[in-house]
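Understanding the architecture of this molecule
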Amino acid sequence: MLTSELAALAGVTVRTLRHYHQIGLLPEPPRTAGGYRRYDVGHLVRLLRITRTAALGVPLSDLPAVLDDPAAAGELLDELDRRAAEEIERLTARRADIAALRRAGVPPDLPPEVSVWRSPADGLPPDMARYEHEQLVLAAHLLGTADLAGLAALLGTPGEPVVPADLTARFYALDDATPDDEVAALVGELTTHLGRALARLTDPPGVDARSAALLKELSEQTLRPVQRGVLRRVQRRLARLDGA
């Protein structure tokens with residue numbers, strides 16, 4: 001049979017067949033007087049064994065040993081089973097994450113641990129909603145998996161956030177015309193709520209200097225000067241409370 005006939009019978013492409021020749025998986029057949037490869041049923045059987053074994057996830061580089069050594073095949077099957085079990089665990093965890101994101105009705109670019117805290121129905125101005133979302137994306141990445149639970153605990157829940165919704169709304173409404181006494185009151189209330197949340201955490205999320213600088217850069221790109229000033233004052237007060 002010719003190359004195209006063999007490829008069709010085995011369910012592979014002619015290009016794949018030629019690649020198997022190049023890497024030594026399939027012996028080259030003799031050629032006809034006209035220069036065409038002429039395959040027999042032995043080549044077909046070898047090719048079927050290759051495609052079936054490769055479909056199990058065996059790397060092409062391991063195929064020669066597997067096809068020609070039953071003992072090696074048994075050992076490799078054990079390894080393939082271990083890899084398949086790990087892949088099932090990864091896919092199961094991925095499906096759980098997808099389900100959590102769908103329940104929360106939020107975009108898929110946040111870990112479920114923190115994505116449930118922010119939903120599109122929070123009623124913030126669009127630019128502030130975008131800032132909070134980007135802040136969560138960045139914080140979740142910088143903190144890593146180990147600190148995500150602490151971050152989620154610090155944020156609270158959608159139904160019971162650490163910082164009440166009305167306080168958040170007042171913060172995002174701040175501008176240059178806001179009276180100083182109102183700004184000072186907001187600083188005090190934010191410090192109180194965040195201080196209580198931090199006090200309840202046995203293992204608060206850690207932020208190194210580089211992470212803090214990146215979060216600060218994000219706030220400087222979006223927040224008004226008066227809002228950034230409030231955050232700095234709250235941070236200083238919380239630092240004093242922590243030191244005390």
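Relevant structure appears above.
Below is a short write-up of the structure. Note that this is a predicted model, so its numbers are computed, not measured.

Let us look at the overall build of the protein chain. Secondary structure summary: the protein chain contains 12 helices and zero strands in total. For the protein chain, the residues scored as buried account for 32% of the 244 residues in total. Counting every atom, the protein chain has about 15000 Å² of accessible surface; 55% of that belongs to carbon and sulfur.

Positive charge collects at one region of the surface, where Lys 216, Arg 232, Arg 233, Arg 236, Arg 237 and Arg 240 lie side by side. Ranked by residues supplied to the positive patch, first place goes to helix H12 (residues 225-243) with five residues. By relative accessible area, which is 48% here, Lys 216 ends up partly exposed.

Here we come to the packing of aromatic side chains. The geometry of an aromatic ring pair comes down to the distance between the two centres and the angle between the two planes. Counted by the stated rule, this structure contains one aromatic pair. Arranged with centres 5.1 Å apart and planes meeting at 70°, the rings of Phe 171 and Tyr 172 form a pair that is edge-to-face. Comparing Phe 171 with Tyr 172 shows no difference in burial state: the two are buried.

Turning our attention to helix H9 (residues 165-172). For H9, the complete set of buried residues consists of Leu 167, Thr 168, Phe 171 and Tyr 172. Burial along H9 is one-sided: seen end-on, the buried residues are contained in an arc of 135°. Along H9, the residues that are exposed and aim more than 90 degrees away from the buried face are Ala 165 and Asp 166.

Tracing the backbone through its elements, the reader meets Thr 53 in helix H3 (residues 41-55). Overall, the relative accessible area of 14% leaves Thr 53 in the buried class. Separated by 2.7 Å, the side chain of Thr 53 and the backbone oxygen of Arg 49 make a polar contact. Leaving out residues up to four positions away in the same chain, Thr 53 has contacts with Val 58, Leu 63, Val 66 and Leu 67.

Following both chains from N to C, one finds H9 and helix H10 (residues 180-200) inclined at 140°, their axes separated by 11 Å at the closest point. As far as their axial angle goes, H10 and H9 are oblique. For the pair H9 and H10, the sense of crossing is left-handed. Together, Leu 167, Arg 170 and Phe 171 of H9 and Ala 185, Leu 186, Glu 189, Leu 190 and His 193 of H10 make up the contact between the two elements.

On to the environment of Val 41, then. With respect to the helices and strands, Val 41 occurs in helix H3. Spatially, the C-alpha atom of Val 41 lies 9.0 Å from that of Leu 6, the residues being 35 residues apart in sequence.

Here we take up the pattern of salt bridges. Taken as a whole and judged by the stated rule, the model has six salt bridges. Between Arg 90 and Glu 87 there is a salt bridge, with the nearest N and O atoms lying 2.4 Å from each other. A residue pair is termed a helical-turn pair when its members lie 3 or 4 positions apart in one helix, as Arg 90 and Glu 87 do in helix H5 (residues 70-104) at three residues.

Our next topic: the packing of helix H7 (residues 126-143) against helix H11 (residues 209-222). The N-to-C vectors of H7 and H11 enclose an angle of 170°; their axes lie 10 Å apart at closest approach. On the basis of their axis angle, the class for H7 and H11 is roughly antiparallel. Between H7, through Asp 127, Met 128, Tyr 131, Glu 134, Gln 135, Leu 138, Ala 139 and Leu 142, and H11, the contact on the second element is made entirely by Ser 211, Leu 214, Leu 215, Leu 218, Ser 219 and Thr 222.

Where like charges cluster on the molecular surface, the negative patch consists of Asp 69, Glu 75, Asp 78 and Asp 81. Here Asp 78 shows up in helix H5. Residue classification places Asp 78 among the exposed residues on the basis of a relative accessible area of 56%.

Position of Ala 184 relative to the elements: it lies in helix H10. In this structure Ala 184 comes out as partly exposed when scored by relative accessible area, which is 31%. Between the C-alpha atom of Ala 184 and that of Val 230, which follows or precedes it by 46 residues, the distance is 8.2 Å.

Here His 43 shows up in helix H3. Residues in contact with His 43, not counting those within four places in the same chain, are Leu 6, Leu 26, Pro 27, Glu 28 and Pro 29.

So, how was this worked out
- Residues numbered from 1 in each chain as written.
- Predicted model: local features only at pLDDT ≥ 70, side-chain atom pairs only at ≥ 80, totals over all residues.
- Heavy atoms only, no water.
- Helix = DSSP H or I, 4+ residues; strand = E, 2+ residues; numbered from the N terminus.
- Buried < 20%, exposed > 50% of the residue type's maximum accessible area, 1.4 Å probe, protein only.
- Areas by Shrake-Rupley, 256 points an atom, 1.4 Å probe, with all protein chains shown as cover.
- Patch = residues over 30% accessible without salt bridge, like charges linked within 9 Å, V, L, I, M, F, W, Y side chains within 5 Å.
- Salt bridge = Lys/Arg side-chain N within 4 Å of Asp/Glu carboxyl O.
- Lys, Arg positive; Asp, Glu negative; His and termini not counted.
- Charge placed at Lys NZ, Arg CZ, Asp CG, Glu CD.
- Phe/Tyr/Trp six-rings, centres within 6.5 Å; stacked < 30°, edge-to-face > 60°.
- Arc of directions from axis to C-beta.
- Polar contact = N/O pair within 3.5 Å; in protein donor to acceptor, adjacent residues only side chain to side chain.
- Contact = heavy atoms within 4.5 Å.
- Axes fitted to C-alpha atoms, helices over the stretch in contact; angles between N-to-C directions.
- Parallel < 35°, antiparallel > 145°, perpendicular 65-115°, else oblique.
- Left-handed = near helix turned anticlockwise from the far one by under 90°.

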